[in-house]
Amino acid sequence: MSLFSVRFTLRPLCRLISRCDRVLIYALPFAVYVPRPPLIGGMNALAASLALHLHPLDGEPLVAHLRIVDKFSMFPPTTHVLSDFLKLLKEREGAVEYRQANLTVASTVSKCFTDPAPNGQPYTHIFDLTGESTHDRPAEVQIAQTFSVSLLIGKEAAKHSIKAYVRSLSSYYDHDTEKKSYTEDDPDGWTPLGVRGTWWHESVRALASIPNLPLVVIRKAYVYGPGVPRGDVTTCILLGLLKFDDMVEEVNELHTSKWTEIITQASPPVPSTPLSPYAPRYQLERRGCALNGQKLKEIVGYTPKYPRFSVETVKETIDSWKAEGIWPQT
């Protein structure tokens, strides 16, 4: 299966955590959940969706306390985040904490662990969603923002008695999807794609070398579904709307100008949106993501609720964007 919905991506992770735990989520650009878990990084990716699953607005929380750490401001937001997430921070103050921090600084990372949860208990699960996801960043940026940050967090986590350190690994590998789907022990499935893929891959290798770190690596495929305003699938939805063709630079100019016209002339207008039809050349190359998810299903006993990317999925996703005010109503 080469596409995972947000719901498919998040729910297996939640089975690692009990209701009494505390979670820390790191979100340098990503985020987290726990029975006292910290969520680290990912606020412009999956962190908000994961936080809302752990602490649903309309249900019982799955974790005792959730600390989310990232570089962005939330009030006012300096990146697009789900409106329900901002509501969660206000309504669950004391149970859900957001901390703006520079995760390239060792002392700052340390305080994320040593500052106790409100009940005085240490954090039990770490979700590391950090990493530079932009494809054309040079090696120096990838080393600083992906490799070094994850290694810094992992080394600090190993000093504490945590139950699990969950590292989110994106699909930056060279897969020939016409031949097969790749399992965890298939060496052909672990060929990094470009500079970005190399340093994401090396970050996992480095984490695996840290003594006493209970490491879990979740290698996710393409993410889709409500609450996902960025990524390859999102770009494809927009290109489908604008009737994509092959001349990359000319088409990008045409599509971005056409998209600007659509959102400014909509009723009401959409003055600000993270959605963009701009397609980097790498997204148009003949590559894909073909992961065999059988091991994950066997370990957590999970059956996907949304196993297929369909027309209904696209409609549901667009409806969620309309509700967030980032897609034209008409």
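Residues numbered from 1 in each chain as written. Predicted model: local features only at pLDDT ≥ 70, side-chain atom pairs only at ≥ 80, totals over all residues. Heavy atoms only, no water.

1. Things to note about unusual backbone geometry
As a reminder of what qualifies: Every helix listed is a DSSP run of H or I at least four residues long, and every strand listed is a run of E at least two residues long, numbered separately from the N terminus.
With an omega of 5°, the peptide bond between phenylalanine 75 and proline 76 qualifies as cis. Along the chain, proline 76 turns up in the loop between strand S4 (65-70) and helix H3 (83-91). A cis geometry characterises the amide bond from serine 267 onward to proline 268, with omega recorded as 0°. By secondary structure assignment, the location of proline 268 is in the loop between helix H8 (248-265) and helix H9 (281-284).

2. Quick word on the confidence of the model for the protein
Selection criterion: pLDDT measures the predictor's confidence residue by residue and takes values from 0 up to 100. Here, residues are in contact when the closest pair of their heavy atoms is within 4.5 Å.
Within the protein, residue pLDDT values average 82, and 84% of them lie at 70 or more. Across residues 27-35 the pLDDT falls below 50, and counting only partners more than four positions away or on other chains, this stretch makes 116 contacts in the model.

3. Description of the pairing of S4
Selection criterion: Relative accessible area decides the class of each residue, using a 1.4 Å probe on protein chains only: under 20% of the type maximum gives buried, over 50% gives exposed, and in between gives partly exposed. By convention a crossover is right-handed if, when the strands point away from the viewer, the path from the first strand over the helix to the second runs clockwise.
The buried fraction of S4 is high, at six of six residues. Taking the sense of rotation as the criterion, the β-α-β connection linking S4, H3 and strand S5 (residues 96-100) turns out right-handed.

4. Brief notes about the pattern of salt bridges
Formally: Think of a salt bridge as a Lys or Arg side-chain nitrogen and an Asp or Glu carboxyl oxygen that are within 4 Å of each other.
Evaluated as defined, the whole model comprises nine salt bridges. Here glutamate 91 ties to lysine 87 by a salt bridge, and the two come within 3.9 Å at their closest N and O atoms. In this pair, glutamate 91 and lysine 87 both sit in helix H3, four residues apart, roughly one turn of the helix. Given the relative accessible area of 41%, lysine 87 is considered partly exposed. One network of salt bridges, in which partners are shared, links Arg67, Glu97, Arg99, Lys111 and Asp115.

5. Side note on the packing of aromatic side chains
This is how the line gets drawn: Note on aromatic contacts: the rings of Phe and Tyr and the six-membered ring of Trp form a pair at centre separations within 6.5 Å, being stacked when their planes are under 30 degrees apart, edge-to-face when over 60 apart, and tilted otherwise. Each ring is checked for a lysine NZ or an arginine CZ that lies within 6 Å of its centre and within 35 degrees of its normal; such an atom marks a charge sitting over the ring.
As enumerated under the stated definition, the model contains six aromatic pairs in all. Seen in terms of ring centroids, tryptophan 259 and tryptophan 327 are 5.5 Å apart; in terms of plane orientation they differ by 50°. Their pairing is tilted. Of this pair, tryptophan 259 sits in helix H8 while tryptophan 327 sits in the segment after helix H11 (311-324), and the two are 68 residues apart along the sequence. Both residues of the pair, tryptophan 259 and tryptophan 327, belong to the buried class. Grouped by ring-pair contacts, the aromatic residues Trp259, Trp321 and Trp327 constitute a single cluster. The ring of tyrosine 172 has arginine 196 sitting right over it, with the charged end atom 3.7 Å from the ring centre. The cationic tip of arginine 219 hangs over the ring face of tyrosine 173; the distance from NZ or CZ to the ring centre is 5.5 Å.

6. Section: H11
The line we're drawing: In a helix, the anticipated span is given by 1.5 Å times the number of residues less one. Comment: arc refers to directions from the helix axis out to C-beta atoms.
An ideal rise of 1.5 Å per residue puts 20 Å on 14 residues; H11 measures up with 20 Å between its terminal C-alpha atoms. For H11, every residue scored as buried is listed here: Thr313, Thr317, Ile318, Ser320 and Trp321. The buried residues of H11 all sit within an arc of 155° when viewed along its axis, so they share a single face. When the buried face of H11 is taken as reference, the exposed residues oriented beyond 90 degrees from it are Val311, Glu312, Lys315 and Ala323. Following H11 by one or two positions, glycine 325 has its phi on the positive side, about 80°.

7. Regarding the environment of proline 118
Looking at the secondary structure, you find proline 118 in the loop between helix H4 (106-114) and strand S6 (125-128). Its relative accessible area of 61% is what places proline 118 among the exposed residues. Remark: the alpha-carbon pair of proline 118 and alanine 95, spanning 23 residues in sequence, is separated by 8.0 Å.

8. Comments concerning the environment of phenylalanine 127
Note that phenylalanine 127 resides in strand S6. With 77 residues separating them in the primary sequence, phenylalanine 127 and leucine 50 have C-alpha atoms 10.0 Å apart.

9. Topic: the packing of H4 against helix H5 (residues 139-157)
The condition is simple: Only C-alpha atoms enter the line fits that serve as axes; for helices the fit covers just the stretch in contact. Angles between N-to-C directions range over 0 to 180 degrees. Relative orientations are named as follows: roughly parallel for angles under 35 degrees, roughly antiparallel for angles over 145 degrees, roughly perpendicular for angles from 65 to 115 degrees, and oblique for any other angle. A clockwise turn of the near helix away from the far one marks a right-handed crossing, whereas an anticlockwise turn of less than a right angle marks a left-handed crossing.
Direction vectors running N to C along H4 and H5 enclose 45°, while the axes themselves pass 10 Å from each other. Viewed along their axes, H4 and H5 adopt a mutual orientation that is oblique. As H4 runs across H5, the sense of the crossing is right-handed. Facing Ala106, Val109, Ser110 and Phe113 of H4, the residues of H5 in contact are Leu152, Ile153, Glu156 and Ala157.

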